[in-house]
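Read off the chains here:
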Amino acid sequence: MLFAVLLPLVLTLLIPFLSKFKDKVHTGIFVFFIPLGIFIFFVRFIGEGFSPELESYPWIPSLGISLDFYLDGLSLLFVLLISGIGALVTFYSIFYLHKSEKLAHFYVYLLLFMTAMLGVVLSDNVYLLYTFWELTSISSFLLIGYWNHREGSRYGAMKSMLITVFGGLSMLGAFMLLHVITGVTSVQQMIGSVDLILSSDYLPLIMTLLLLGAFTKSAQFPFHIWLPDAMEAPTPVSAYLHSATMVKAGIFLVARFSPIFHGYEWFFIVVSGIGIITLCWASYMAVRQTDLKGILAFSTVSQLGMIMAMLGFGTEAAVFAAVFHILNHATFKGSLFMIAGIIDHESGTRDIRKLGGLMTLMPISATLALFAALSMAGVPLPFLNGFYSKELFFENSLHIGDTTLWIASFLKQAIPYLAVFGSIFTFVYSMYFLFGTFTGKQKLEQLPKKPHEAPIGMLIAPAILVFGVIFIGLFPNLFNETFLAHAAKAISGEDTHEHIVYWHGLKPAFYMSLIVVAFGTLLYLFRKKWWSIYRAIPGSLSFNRVYNGILKGLDVYTAKLTKSYMNGSLRRYTALIVSTIIIVTGLVMAGTNGFTFKTDDLAPVTIPEILVGIMVIAGAVGTILAKNNVAAIIILGVSGYGQALLFVFYRAPDLALTQLVIETITVALLLLCFHHLPQLSRRTEGAGFRLTNAVIAVGFGTLMTLIGISAHSSKWFTAISDYFLETSHDLGGGDNVVNVILVDMRGLDTLFEITVLGIAAFSIYSLIKLRSKEGE
Amino acid sequence: MEIIMSVVAGILFAAGIYNLLQKQLLRIVIGTVILSNGAHLFILTMGKLKRGAPPVLEYGVSEYADPLPQALILTSIVISFGLTSLLLVLSYRAAQENNTDNMEKLRGNHDE
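Every value quoted in this text rests on a predicted model; they were computed, and no experiment measured them.

K.L.:
Would you take a moment to explain the overall build of chain B for this structure?
P.N.:
Scanning chain B for helices and strands turns up three helices and zero strands. Of the regular secondary structure in chain B, the N- to C-terminal order runs α-α-α. The C-alpha extent of chain B, read off along each of the three principal axes, is 65 × 25 × 20 Å. For chain B, the proportion of its 112 residues judged to be buried stands at 62%. Counting contacts in chain B only where the partners sit at least 6 residues apart, residues at least 24 apart contribute 55% of the total. When the accessible surface of chain B is summed, it comes to about 4,200 Å², and 61% of that surface belongs to carbon and sulfur atoms. The positive charge centre, built from 8 side chains, and the negative charge centre, built from 9, are 8 Å apart in chain B.

K.L.:
Help me out: how do you make sense of helix 2 (residues 25-46) of chain B in this one?
P.N.:
Each α-helix winds once per 3.6 residues, and so residues spaced three or four apart point in a common direction. Residue and element names in this part refer to chain B. Over its 22 residues, helix 2 extends 32 Å from the first C-alpha to the last, a length consistent with the 32 Å expected when each residue adds 1.5 Å. For helix 2, a buried count of 18 out of 22 residues is recorded, marking the element as mostly surrounded by other parts of the structure. Looking at the residues trailing helix 2, positive phi occurs at Lys-48, about 65°.

K.L.:
Just checking my understanding: could you explain the nonpolar core for this structure?
P.N.:
Taken as a class, soluble globular proteins show a tendency for nonpolar side chains to be buried jointly. Counting 198 residues, the largest nonpolar core has Phe-42, Phe-175, Phe-257 and Phe-261 of chain A as the members making the most contacts within it. Of the residues forming this core, the biggest block, 18 residues, is contributed by helix 15 (residues 316-347) of chain A. When near neighbours in sequence (up to four residues on either side) are disregarded, Phe-257 of chain A contacts Val-126, Leu-129, Phe-175, Leu-178, Val-187, Met-190 and Leu-210 of chain A. One finds Ala-603 and Val-667 of chain A together with Met-5 and Leu-25 of chain B within the second-largest nonpolar core, a separate group that totals 71 residues.

K.L.:
Looking at this model, I keep getting lost on the pairing of strand 2 (residues 65-71) of chain A. Mind explaining?
P.N.:
Successive residues of a regular strand alternate their side chains across the two faces of the sheet. All names here are of chain A. Within strand 2, seven of the seven residues are buried, which leaves the element mostly enclosed by the surrounding structure. Going residue by residue along strand 2, you find Ile-65, Leu-67, Phe-69 and Leu-71 tucked away on one face and Ser-66, Asp-68 and Tyr-70 tucked away on the opposite face as well. Pairing of strand 1 (residues 53-60) with strand 2, which is carried by seven bridges, proceeds in the antiparallel orientation. Following the sheet pairing, Glu-55 is matched in strand 2 by Phe-69. Between strand 1 and strand 2, which pair antiparallel in sequence order, lie four residues; one of them, Gly-64, sits at a positive phi of approximately 75°.

K.L.:
Would you mind going over the packing of aromatic side chains with me for this structure?
P.N.:
Residue and element names in this part refer to chain A. All chains considered together, the criterion is met by 34 aromatic pairs over all chains. With 5.6 Å between their ring centres and 65° between their planes, Phe-91 and Phe-95 make a pair best called edge-to-face. Note that Phe-91 and Phe-95 are positioned in helix 3 (residues 73-96) at a spacing of four residues, about one turn of the helix. For Phe-95, a relative accessible area of 32% corresponds to the partly exposed category. With 5.8 Å between their ring centres and 50° between their planes, Tyr-146 and Trp-147 make a pair best called tilted. Residues Tyr-146 and Trp-147 agree in their burial class; the two are buried. Among the aromatic residues, those joined into a ring-pair cluster are Phe-221, Trp-281, Tyr-284, Phe-421, Phe-425, Trp-530 and Phe-543.

K.L.:
I keep staring at the layout of surface pockets and nothing clicks. Help me out?
P.N.:
Gaps left between atoms are located by rolling a probe of water-molecule size over the structure's atoms. Estimated volume of the largest pocket: approximately 1,100 Å³. Looking at the largest pocket, it is lined by 36 residues, and the ones nearest its centre are Lys-715 and Ala-719 of chain A together with Met-46, Gly-47 and Lys-48 of chain B. Mapped by element, the contributors of at least two residues to the lining of the largest pocket are helix 29 (687-713) and helix 30 (721-732) of chain A together with helix 2 and helix 3 (67-98) of chain B. Grouping the amino acids of the lining of the largest pocket by side-chain chemistry returns 15 nonpolar, twelve polar and nine charged. Two domains share the lining of the largest pocket, each providing at least three of its residues, namely domain 3 (570-719) and domain 4 (720-776) of chain A. Its boundaries defined by the atoms lining it, the second largest pocket holds a volume of some 560 Å³. No other element matches the eight residues that helix 3 of chain A contributes to the lining of the second largest pocket.

K.L.:
Would you mind showing me how to read the interface of chain B and chain A here?
P.N.:
By a widely used convention, the size of an interface equals the accessible area lost when the partners come together. Listed by partner, the interface residues are 77 residues for chain B and 103 residues for chain A. For the pair chain B and chain A, the summed buried area comes to about 8,200 Å², and 72% of that belongs to carbon and sulfur atoms. Between chain B and chain A we count zero salt bridges in total. The interface formed by chain B and chain A contains 13 residue pairs in polar contact (both at pLDDT 80 or more). Every element with two or more residues in the side of chain B that touches chain A is listed here: helix 1 (2-20), helix 2 and helix 3 of chain B. Among the elements that line the side of chain B that touches chain A, the one with the most residues is helix 3 of chain B, at 24 residues. The residue makeup of the side of chain B that touches chain A, split by class, is 50 nonpolar, 15 polar and twelve charged.

K.L.:
How do you make sense of the domain arrangement of chain A when you look at a structure like this?
P.N.:
Residue and element names in this part refer to chain A. One can read the domain layout of chain A as domain 1 (263-530), domain 2 (532-566), domain 3 (570-719) and domain 4 (720-776). Here domain 1 and domain 2 have C-alpha centroids that lie 33 Å from each other. Tallying the contact residues gives eight residues for domain 1 and six residues for domain 2. Taken together, both faces of the contact between domain 1 and domain 2 bury some 640 Å²; the carbon and sulfur share is 59%. The three residues of domain 1 that bury the most area against domain 2 are Tyr-284, Arg-288 and Trp-530, which together make up 74% of that side's buried surface. Applying the counting criterion to the domain 1 and domain 2 interface returns zero salt bridges. One can count two residue pairs in polar contact (both at pLDDT 80 or more) joining domain 1 with domain 2. Residue assignment for the side of domain 1 that touches domain 2 shows that the elements contributing at least two residues are helix 13 (265-286) and helix 22 (527-530). No other element matches the three residues that helix 13 contributes to the side of domain 1 that touches domain 2.

The rules we used
- Note on numbering: residues in each chain are counted from 1, in written sequence order.
- Throughout, the order in which chains and ligands are written sets their labels, letters from A for the former and numbers from 1 for the latter.
- Local features in this predicted model are restricted to residues whose pLDDT is 70 or higher, and side-chain atom pairs enter the listing and the counts only when it is 80 or higher, whereas totals over whole chains, interfaces and linings include all residues.
- The basis for every side-chain value is the complete set of non-hydrogen atoms in the structure, without hydrogens or water.
- In DSSP terms, a helix is any run of H or I states spanning at least four residues, a strand is any run of E spanning at least two, and both are numbered starting from the N terminus.
- Accessible area is worked out with a 1.4 Å probe on protein chains only. A residue is then buried under 20% of its type maximum, exposed over 50%, and partly exposed in between.
- What makes two residues a contact is simply this: any of their non-hydrogen atoms within 4.5 Å.
- All accessible-area figures derive from a Shrake-Rupley calculation using a 1.4 Å probe, and residue coverage is judged against the displayed protein chains alone.
- A positive count includes Lys and Arg, and a negative count includes Asp and Glu. His and the chain ends are not counted in either.
- Charge positions come from single atoms, namely NZ of Lys, CZ of Arg, CG of Asp or CD of Glu.
- Take the residue count of a helix, subtract one, and multiply by 1.5 Å to get its expected span.
- Buried Ala, Val, Leu, Ile, Met, Phe, Trp, Tyr and Cys residues form a nonpolar core when they are joined through side-chain atoms within 4.5 Å.
- Whether two strands pair depends on DSSP finding at least two bridges between them.
- For Phe, Tyr and Trp, where Trp contributes only its six-membered ring, two rings pair if their centres lie within 6.5 Å, and the inter-plane angle classes them as stacked under 30 degrees, edge-to-face over 60, or tilted in between.
- Cavities and pockets are found on a 1 Å grid laid over the protein atoms alone: a cavity is a set of points where a 1.4 Å probe fits but cannot escape, a pocket is an open set with protein on both sides within 12 Å along at least five of seven lines, and a lining residue has an atom within 4 Å of such a point.
- Grid points are joined across faces, edges and corners, and a volume is the space filled by probe spheres set on the points.
- Residue classes follow a fixed rule: Ala, Val, Leu, Ile, Met, Phe, Trp, Tyr, Cys and Pro count as nonpolar, while Asp, Glu, Lys and Arg count as charged, and any other residue, Gly among them, counts as polar.
- The start and end points of each domain follow an automatic or database-based domain assignment.
- Values labelled buried area give the accessible surface lost by two parts on being combined, using a 1.4 Å probe and summing over both.
- For salt bridges, the criterion is a side-chain nitrogen of Lys or Arg within 4 Å of an Asp or Glu carboxyl oxygen.
- In the analysis that follows, any N or O atom pair within 3.5 Å is treated as a polar contact, provided that within protein one partner can donate a hydrogen and the other can accept it, and provided that, for residues neighboring in sequence, both atoms belong to side chains.

Here it is, written out as C-alpha cells:
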C-alpha cells in the first residue's frame, strides 16, 4: 500500500522530463497509467471474503508517528473512487487541456493530489492522516490557481486554502486531544478505547474541532462558500477534486470517527442538523446560478450535505445508504462536470443564459447529460442509481433512532420535511441544468464559438461514468455484498445485509419521491413566477460578505498595528527591543525567584580598584556628557584603559594586553573617521528625548547589575574550569591556560573568529573602495 | 568587590544603551564599544574575582583564577574590535553618501 500511495509522487519527479516532448506526446498519456494501475491493484480486493489489512512502517517512533496504512471497506471504496475517477479524469484532461498549456505544472499538482488523497483514506495514524489532509488542501490550492493570470482563480484558490487549512488545524487539535486522552495515535486503537473518550470532559471540544475539519473540507454550511469559487479550476479538476474525491474527505473523516461518537446524541444533532441545512440551502441556491459549473458546485454542496445527514442518523441502514450515495454521486456528478466542461470547451461559454437548444448540435453529450441529470434528480426509474440512494435517504429519514434531548427530537420530526424540501430543489436544478442547456431556443449568435459535438476521446470518460450510473441502477446488488456492505460495516461496526430493490411497495418513501417529482416539475415549469423570491432570501446577505469583511479587516488592522510601531526609525526599534528585554527578563526573573543577593564569599574591597572603577564609570558617562565629538572619543579611551587596569587587578594578563592594544587602535580609528567627516552636526536634543533614553538605559543597567549579582550569589553547577586547569599542560602542551583554551580546546571557535575578522576586513576594504556612480 | 564591579558593569551597560539611543551615528558606535566593555566586565565578575594566581601554570601553585571567562572575553574583545571597525566604516560611508549622520533622517523607503 505504501508503494501505491507514493507511486504518483514518484512520477512527479519524471514529469518535467516527460513534458519536454509534449508537442509529440501529451503528458497526460504517461500520467493516465498511474491511477489506472492503482485501480487495478486495489480492485482485486473486492469480494465477499474481504477482510481489513494493516501495513506498518516506522517513521518517527519517538513521537508515536509511523506510516500505518489500513485498508478496510471504507478505505477501499474511497481508494477505488480516487484511482478510478482519477484515471477517467486524466484521460479526459488529455483532450481538454491543449498542449500549449503548462501541462507539467498541471500533472505534477494532480499527481501530488492523488498521493495526498490516497494517504488520507489509507492512513491509520492520526498525524499521518493530518499530514496528507493538509497536502490535499495545498494541491487543491495549486490546482484552483492553475490559471493564475486570472483574478478569480487567485481569489478562489486563496479562499479554499484559508477555509480548509483553518479546518485542518482544528482537526489537528482534536487529534492531539484524542492522542492525549487515549495514549495511542492509531485510529483503530482509538476506536478500541471509545469508553475512555466518551467519558472524557473534553468530548464536546473534540467533536467540535473534528467536525470543523470535516465541515470545512466537505463545504458544509456555512463553510460552503469556498466551493463555488473553486470552480475557477480547470474542469477536470472540478470533476475530480471538487466533486468526486477531495470534498468527500470530510465525509470520510466523519465516517471514520463515527464509531467513536456513535451513541453521543450531540453528534447526531450537529452532523445531521448541519447536513440537512446544507442540503436545503445549497439546493435552493443552485437554482439561482447562471454558470453551469456554479449550478454543479452548489449541487455538490447539497449532495454532500445529504450524505453528511445520513451519517449523522447513525443507523446501520442509513450508513449503508450514505456509502451507496458516495458511489452514486461520484458517477453522476463526475459525468455532469465533464459534460459542463465539454459545453464550455465547444461553445466557449458556461453561462446558461446564453446556452440553449444544444440537443441537436451535441446529441451524444445531451444523451449522457439526460441520464446523469435524471439520476441526480432521483427520478423513479429502475435504471438510475441516484433514485435508489435517494429513496433509501427518504426511508431512513423516517427511521432515526431514539432521541432524548428535546432538540434531537425536534430535529427528528423536522428532517423528513426538510429532506423533501431539499430534494424538490434538487429536482428543479437538475431539470434547469438539463433543459436550460440542451432544449429551448438556440442562441448561437451569443456564443463565442459555433458549438459542435466534442471529439470522441473527450466523450469516453463521461460515457463510462454514465454507463456506471445505469449499470449500478440495473444491478445494484452486484455491488452490495461484495463492496458496499464492507464499507458500511467499517463505519457502523455491524454486519450489514441490505437488499436494494427497485419496488418497495406503496411505502411513505415512495410517496415522498412522487411529491418531489410533482412539486419539482411544477416549480421548474413556473420558475419565472417565483424567481423574485431570491431578492428577499438571501437578498444581499451572503456569507461571502462575512468572509471578505474578515479578510479586509485583518488586512487593514494589521497594517495599522504594524505601522504604529514600525515607523522606520532605528532608534525606536532599539528602544522597543531593549524595553522588551527589560520587561520580559525582569518579570521572568522576579516570577521564578531568580534574583538572589548574598554577601558571603566576596573578594575584599581595596581602594585602588575602587578608584579605577570610578575612572571607568566616569569615562563611560563622560561620553554622554561631552558636547564635543573629539572629547567624547578621548574620554571613551579613558574608560577603555581603565578597564585594562581592572584586568590587571583581576589576574588576567592576556586580557589586559589585548585590551590595551585594541583600545589604542579603536580610538585612533574613531579619530581618523572623525577627521574625514568634518561637517558632523552639533547635538540638538530635547529634554523628553534625553529622559526616555535615560529611563531605558538606567532600567537596562539595573537589570544587568541584578543579574550579575545573582549570578555570583548562586552556585547551581560546579564550574568546568578545573578541567582546563588540570588538563592544559598534559593535553594542550601549554602552561598559559587561557591561550590553550583559545587555540586548542576551543580551537574551532577561534578559527571562526579569525574568519569573522577576515570577512569584516574584506567588507571594510570594499566599503572604502566602493563609490556610487554619481559620486565619482 | 564583586557587587561593586557588578554595579560598575551595570553603569557601563546603561551608558552604552544611552549612547545607542542617540541620533548621531558616531555616538552609536561609541555606544557599542561601551556596551561590549560592560559585557566583558560582567562576564569576568560572574566567575568571581581575585581568586588565586593568574592562570599560567607554575610549580607549587594550586589556586588559579578562573580561565574560562578570560578566554571568552579575549575572543569577545577581538570580535568587538572587528565589529567596531566595520560599524565605523559603515557609518562613515553612510554619512558620506547621504550627507547626514542623523539616524532619524536615515529611514529607508516607504515601500518597505
